[in-house]
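Overview (structure and organization)
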Amino acid sequence: MANEKRVAYVTGGSRGIGEAIVLALAADGFHVVAVARNKEKLEGVVKAAAEKGGSVEAEAVDIADSAALTASIEKAIEKHGRMDVLVNNAGITRDGLFMRMEDKDWDDVLNTNLKSAFVSCRAATRTMIRAKWGRIINISSVAGMIGNAGQVNYAASKAGLIGMTKSIARELAGKQVTANCVAPGFITTDMTDVLPPQIKEKVLEIIPLRRFGETKDIAAMVAFLASDKAGYITGQVIAVDGGMTM
Ligand code: NAI
C-alpha cells in the first residue's frame with residue numbers, strides 16, 4: 001500500500017542546504033528519503049527530524065554513480081508506492097582557472113551536479129506522471145546565471161541544470177508535473193566556509209542586502225515549490241540571492 005504521506009527524495013541531505021531542505025519538508029508533512037555519501041551524518045538529520053515528529057529515512061548513495069542512483073529511486077518508489085517530490089541538491093566544486101583546468105575536474109563536476117539530476121529525473125518522473133502530480137526542484141546557482149571566474153565547470157553544470165529543467169518542465173507540463181530551479185546566492189555552508197576572507201568581503205559588496213544567506217532561506221523556497229500552493233509555477237529559475245542577480 002502506498003505511503004499516506006507524500007514522498008520527497010532529496011540528494012545531499014546530510015548537511016548544509018540539503019539538511020535544511022530535508023528538515024523543512026519533513027516539518028511540512030512529507031516522508032523524506034534523504035541521500036548522501038555519508039550515512040552516519042544522515043542519521044543525525046533523521047534524528048533531528050524525528051524529534052519534531054518528522055519522518056525521514058537515510059540512504060548512502062553516490063549520486064555520481066548512475067546505476068546506484070537509479071536503483072535507489074526505484075527502490076524508494078517500490079517501497080512507498082509513490083514519488084511526489086524530487087530535489088536535486090547535492091553538488092560539488094572543483095574550482096580553478098579554466099586554462100589550467102584538468103579534464104577530471106570538469107568531468108567530476110558535470111557528472112555530480114548535472115548528469116545525476118538527469119538520471120534522477122528520468123527515474124522518478126514516470127510515477128509522478130501516473131499520479132498527475134509531481135514536483136522537480138533542482139538546486140542551481142547564481143553562478144549558472146551570471147558565471148563566475150574560477151568556476152567554469154561549476155557554472156556550466158548549474159547553467160545546464162537550468163536548460164534541462166526548463167525542457168523537462170515543457171515535456172511534463174501536460175501531466176501537472178512541475179520542474180523549477182532554485183538559484184542560491186552566497187549561502188553560509190561548508191561549501192562557502194572554505195573561501196578566503198578577502199573573497200567573502202568582495203562577494204558581500206555585490207549583494208544588495210549586504211549579508212550572506214542562510215540555509216533556511218533556500219529551504220523555505222524549496223518547501224513552497226514542493227507545496228500545492230506552487231502548482232501554477234513551472235520552468236522558472238528563482239534566485240534566492242539577496243538581490244545579487246536583480
Ligand atoms: P555542501 O558541500 O555543504 O553539501 C553538499 C551535499 O551534497 C552534502 O550532503 C554531500 O554529502 C552531498 N554530495 C556531494 N557529492 C555527492 C555525491 N557524489 N553523492 C551523494 N551526495 C553527494 O553544499 P551546500 O552549500 O549545502 O550546497 C548544496 C547545493 O546548493 C549544491 O548543489 C550547491 O552547488 C548549491 N549552491 C550552494 C551555494 C552556497 O552558497 N552554499 C550557492 C549556490 C548553489
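Anything mentioned here points back to the structure above.
Residues numbered from 1 in each chain as written. Predicted model: local features only at pLDDT ≥ 70, side-chain atom pairs only at ≥ 80, totals over all residues. Heavy atoms only, no water.

Regarding the site of the ligand
- Around the ligand sit 29 residues in total, of which Ser14, Asn89, Tyr154, Ile187 and Thr189 are the nearest.
- Between the ligand and Asn89 there is a distance of 2.6 Å, counted from an oxygen atom to a backbone nitrogen or oxygen.
- Burial of the ligand by the protein chains amounts to 96% of its free accessible area of 830 Å².
- The element best represented in the shell around the ligand is helix H7 (residues 190-193), accounting for three residues.
- Looking at the shell around the ligand residue by residue, the class counts come to 13 nonpolar, 11 polar and five charged. (Near = heavy atom within 4 Å. Polar contact = N/O pair within 3.5 Å; in protein donor to acceptor, adjacent residues only side chain to side chain. Areas by Shrake-Rupley, 256 points an atom, 1.4 Å probe, with all protein chains shown as cover. Helix = DSSP H or I, 4+ residues; strand = E, 2+ residues; numbered from the N terminus. Nonpolar A, V, L, I, M, F, W, Y, C, P; charged D, E, K, R; others polar.)

Considering the environment of Gly29
- Among the secondary structure elements, Gly29 is positioned in the loop between helix H1 (16-27) and strand S2 (31-36).
- On the accessibility criterion, Gly29 (30% relative accessible area) is partly exposed.
- With 24 residues separating them along the chain, Gly29 and Gly53 place their C-alpha atoms 9.0 Å apart. (Buried < 20%, exposed > 50% of the residue type's maximum accessible area, 1.4 Å probe, protein only.)

Thoughts on the pairing of S2
- Burial within S2 is extensive, with six of its six residues counted as buried.
- Burial of S2 is two-sided: the residues His31, Val33 and Val35 facing one way and the residues Val32, Ala34 and Ala36 facing the other way are all buried.
- The pairing of strand S1 (residues 7-11) with S2 spans five bridges and is classified as parallel. Paired with Val10 across the two strands is Ala34, which belongs to S2.
- Note on the crossover from S1 through H1 to S2: the handedness is right-handed. (Pairing = 2+ DSSP bridges. Right-handed = clockwise from strand over helix to strand, strands pointing away.)

Brief notes about the pattern of salt bridges
- Tallied over the full model, the rule gives seven salt bridges.
- Here Glu57 and Lys79 are joined by a salt bridge, their closest N and O atoms 3.0 Å apart. Note that Glu57 is positioned in strand S3 (residues 55-60) and Lys79 in helix H3 (residues 66-80), a separation of 22 residues in sequence.
- For Lys79, a relative accessible area of 54% gives the class exposed.
- Taking the shortest distance from any N to any O, the salt bridge between Glu214 and Lys216 comes out at 3.5 Å.
- For Glu214, a relative accessible area of 41% gives the class partly exposed. (Salt bridge = Lys/Arg side-chain N within 4 Å of Asp/Glu carboxyl O.)

Things to note about the layout of surface pockets
- In this structure, the second largest pocket spans a volume of roughly 180 Å³.
- What lines the second largest pocket is simply Ala20, Leu23, Ala24, Ala26, Ala27, Ala48, Ala49, Lys52, Gly54, Lys216 and Ala219.
- Sorting elements by how many residues they give to the lining of the second largest pocket places H1 first, with five residues.
- Grouping the amino acids of the lining of the second largest pocket by side-chain chemistry returns eight nonpolar, one polar and two charged. (1 Å grid on protein atoms, 1.4 Å probe; cavity = no way out; pocket = protein on both sides within 12 Å on 5 of 7 lines; lining within 4 Å. Points joined across faces, edges and corners; volume = space filled by probe spheres on them.)

As for H1
- For H1, with 12 residues, the first-to-last C-alpha span of 17 Å sits near the 16 Å given by 1.5 Å per residue.
- If you check which residues of H1 are buried, you get Ile17, Gly18, Ala20, Ile21, Val22, Ala24, Leu25 and Ala26.
- Just downstream of H1 lies Gly29, where phi reads positive at about 100°. (Expected span 1.5 Å × (residues − 1).)

Some details on the packing of helix H4 (residues 103-131) against helix H6 (residues 152-172)
- Following both chains from N to C, one finds H4 and H6 inclined at 15°, their axes separated by 8 Å at the closest point. Considered as vectors, H4 and H6 are oriented roughly parallel to each other. Crossing handedness for the pair H4 and H6: right-handed. Mapping the contact onto sequence places Asp105, Trp106, Val109, Leu110, Asn113, Leu114, Ala117, Phe118, Cys121, Thr125 and Ile129 in H4 and Val152, Asn153, Tyr154, Ala156, Ser157, Lys158, Gly160, Leu161, Met164, Ile168 and Leu172 in H6.
- Considering only residue class, the contact of H4 with H6 consists of 15 nonpolar, five polar and two charged. (Axes fitted to C-alpha atoms, helices over the stretch in contact; angles between N-to-C directions. Parallel < 35°, antiparallel > 145°, perpendicular 65-115°, else oblique. Left-handed = near helix turned anticlockwise from the far one by under 90°. Contact = heavy atoms within 4.5 Å.)

Considering empty space enclosed by the protein
- For the coordinates displayed, the defined rule picks out one cavity of 30 Å³ or more.
- Each pocket or cavity is described by its volume, and for the largest cavity that value is around 30 Å³.
- Forming the boundary of the largest cavity are Thr11, Asn88, Asn89, Ala90, Thr112, Asn113, Ser116, Ala117, Ile139, Lys158 and Leu161.
- Of all the secondary-structure elements, those providing two or more residues to the lining of the largest cavity are H4 and H6.
- Of the residues forming the lining of the largest cavity, the biggest block, four residues, is contributed by H4.
- Residue composition of the lining of the largest cavity, by class: four nonpolar, six polar and one charged.

Functional significance is not addressed by these values, which are geometric in nature.
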